[in-house]
Amino acid sequence: MKKIVILAMGLVLSSTALAQDKVETNVAADFVNEYIWRGQKCGDVSVQPTLGVGYKGLSLTAWGSYGLSNKDDVKEFDLTLAYSTGGLNIGITDYWFSEGLDPDARYFKYDAHGTNHLFEANIGYDFGPVALQWYTNFAGNDGLNKSGKRAYSSYFEVSVPFTLASVGWTARAGAVPFATSFYGTSGFAVTNLSLKASKEIRITDSFAIPIFGQVVGNPCSQKAYLVFGFTLQP
């Protein structure tokens, strides 16, 4: 699952449009002790590479997650097309997983009842002090509702960034509004309460390594996680 970088997710990546007046590229890799996405554990120690290109608010980003300590972790490869203008952002993500409806894990199999792809649309607005984001699965290997039909699984999140003791912090609260097997909910449920701190560790005058720590709680599943990671970026 994707960490959308709003970017878990992951995309957490992920995926912030690069709103620039010229073409910009982004090449990076996160290393995390656990892959936690919207309050769900999706893997153990993982590397999560990102490759993106953006122009004037429009961006195309590739993001993946690959387990380093557990050979049974599901591999993930996501593509996100996004656009942002002012505080508004919209996007579509194609998630692909190495496990799903297709036991052969064929990437180019898009059969509605036999694919490992999942398609999600998102819309959000950043007001500055607070940002709101909504995500809905609209095609592919989605979960089921209580009637056994496609759930159009959705998730919404409120995030509040702030600075404390020269460290950047972000508080998040996320919830699933309807019953879906995709998130393991039987109705409205709060699935993600998190607090994340990020800081750059300067190695030389021209090179620094961003590190981050995050406490995540999922009241729905009664699980809690402590995540640590760092980013390598040229």
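Residues numbered from 1 in each chain as written. Predicted model: local features only at pLDDT ≥ 70, side-chain atom pairs only at ≥ 80, totals over all residues. Heavy atoms only, no water.

Trainee: Even after reading the chapter, I still don't get the overall build of the chain, so can you show me in this structure?
Mentor: Along its length, the chain carries zero helices and 14 strands. Counting from the amino terminus, the chain carries its helices and strands in the arrangement β-β-β-β-β-β-β-β-β-β-β-β-β-β. Taken along its principal axes, the extent of the C-alpha atoms in the chain is 55 × 40 × 35 Å. Taking all 234 residues of the chain together, the buried fraction comes to 45%. When the accessible surface of the chain is totalled, it reaches about 12,000 Å², and 63% of it is carbon and sulfur. Computed over 18 positive and 20 negative side-chain charges, the separation of the two mean positions in the chain equals 3 Å. (Helix = DSSP H or I, 4+ residues; strand = E, 2+ residues; numbered from the N terminus. Buried < 20%, exposed > 50% of the residue type's maximum accessible area, 1.4 Å probe, protein only. Areas by Shrake-Rupley, 256 points an atom, 1.4 Å probe, with all protein chains shown as cover. Lys, Arg positive; Asp, Glu negative; His and termini not counted. Charge placed at Lys NZ, Arg CZ, Asp CG, Glu CD.)

Trainee: Would you take a moment to explain the pairing of strand β1 (residues 24-32) for this structure?
Mentor: Put simply, side chains in a regular strand alternate between the two faces of the sheet. As judged from the nine bridges shared by β1 and strand β4 (residues 46-55), these two strands associate in the antiparallel manner. Residue pairing for β4: A28 is matched across the bridge by T50. (Pairing = 2+ DSSP bridges.)

Trainee: Mind showing me how you'd approach the nonpolar core here?
Mentor: When a protein is soluble and globular, its nonpolar side chains tend to lie buried together. Residues Y35, W37, C42, W63, Y95, F97, L118, Y135, Y155, V176, F182 and Y183 constitute the largest nonpolar core, which totals twelve residues. Broken down by secondary-structure element, the contributors of at least two residues to this core are β2 (35-37) and β7 (88-97). (Core = buried A, V, L, I, M, F, W, Y, C linked by side-chain atoms within 4.5 Å.)

Trainee: Please clarify how the environment of D72 should be interpreted in this entry.
Mentor: By the secondary structure assignment, D72 is in the loop between β5 (58-67) and β6 (76-85). The spacing of D72 and G43 is 29 residues in sequence and 8.8 Å in space, taken between C-alpha atoms. A distance of 3.4 Å separates the side chain of D72 from the side chain of K71, its partner in a polar contact. (Polar contact = N/O pair within 3.5 Å; in protein donor to acceptor, adjacent residues only side chain to side chain.)

Trainee: Just to check I follow, could you spell out the sheet that holds β5 for this structure?
Mentor: Remark on secondary structure: sheet strands pair via backbone hydrogen bonds, oriented parallel or antiparallel. Around the barrel, twelve strands lie side by side as β1-β4-β5-β6-β7-β8-β9-β10-β11-β12-β13-β14; this closed barrel has antiparallel pairing. Across the sheet, the mean angle separating the axes of adjacent strands is 20° when strand polarity is ignored. Pairing of β5 with β6, which is carried by eight bridges, proceeds in the antiparallel orientation. Bridge assignment links T61 to a residue of β6, and that residue is T80. (Axes fitted to C-alpha atoms, helices over the stretch in contact; angles between N-to-C directions.)

Trainee: Would you take a moment to explain unusual backbone geometry for this structure?
Mentor: Trans peptide bonds make up the majority, and among non-glycine residues the majority have a negative phi. A positive phi angle, close to 55°, is found at R38, a residue other than glycine. Among the secondary structure elements, R38 is positioned in the loop between β2 and β3 (40-43). One non-glycine residue, A165, lies in the positive phi region at around 55°. A relative accessible area of 71% places A165 in the exposed class.

Trainee: I would appreciate a short explanation of the packing of aromatic side chains in the present structure.
Mentor: Both the distance between ring centres and the angle between the ring planes are used here to describe each pair of aromatic rings. Counted by the stated rule, this structure contains 18 aromatic pairs. Ring plane angle 40° and centroid distance 6.3 Å describe the contact between F119 and F138, whose orientation is recorded as tilted. Taken together, the residues span a long stretch of sequence, with F119 in strand β8 (residues 117-126) and F138 in strand β9 (residues 131-140) at a distance of 19 residues. Take F138: its relative accessible area is 37%, and that puts it in the partly exposed class. Between W134 and F156, the ring centres sit 5.6 Å apart and the planes meet at 5°, which makes this aromatic pair stacked. Of this pair, W134 sits in strand β9 while F156 sits in strand β10 (residues 154-164), and the two are 22 residues apart along the sequence. Grouping aromatic residues by their ring pairs yields a cluster made of W37, Y95, F97, Y135, Y155, F182 and Y183. We note R150 situated over the ring of Y152; from NZ or CZ to the ring centre the distance is 5.8 Å. Lying over the aromatic face of F212, K196 brings its terminal NZ or CZ to 4.6 Å of the ring centre. (Phe/Tyr/Trp six-rings, centres within 6.5 Å; stacked < 30°, edge-to-face > 60°. Lys NZ or Arg CZ within 6 Å of the ring centre and 35° of its normal.)

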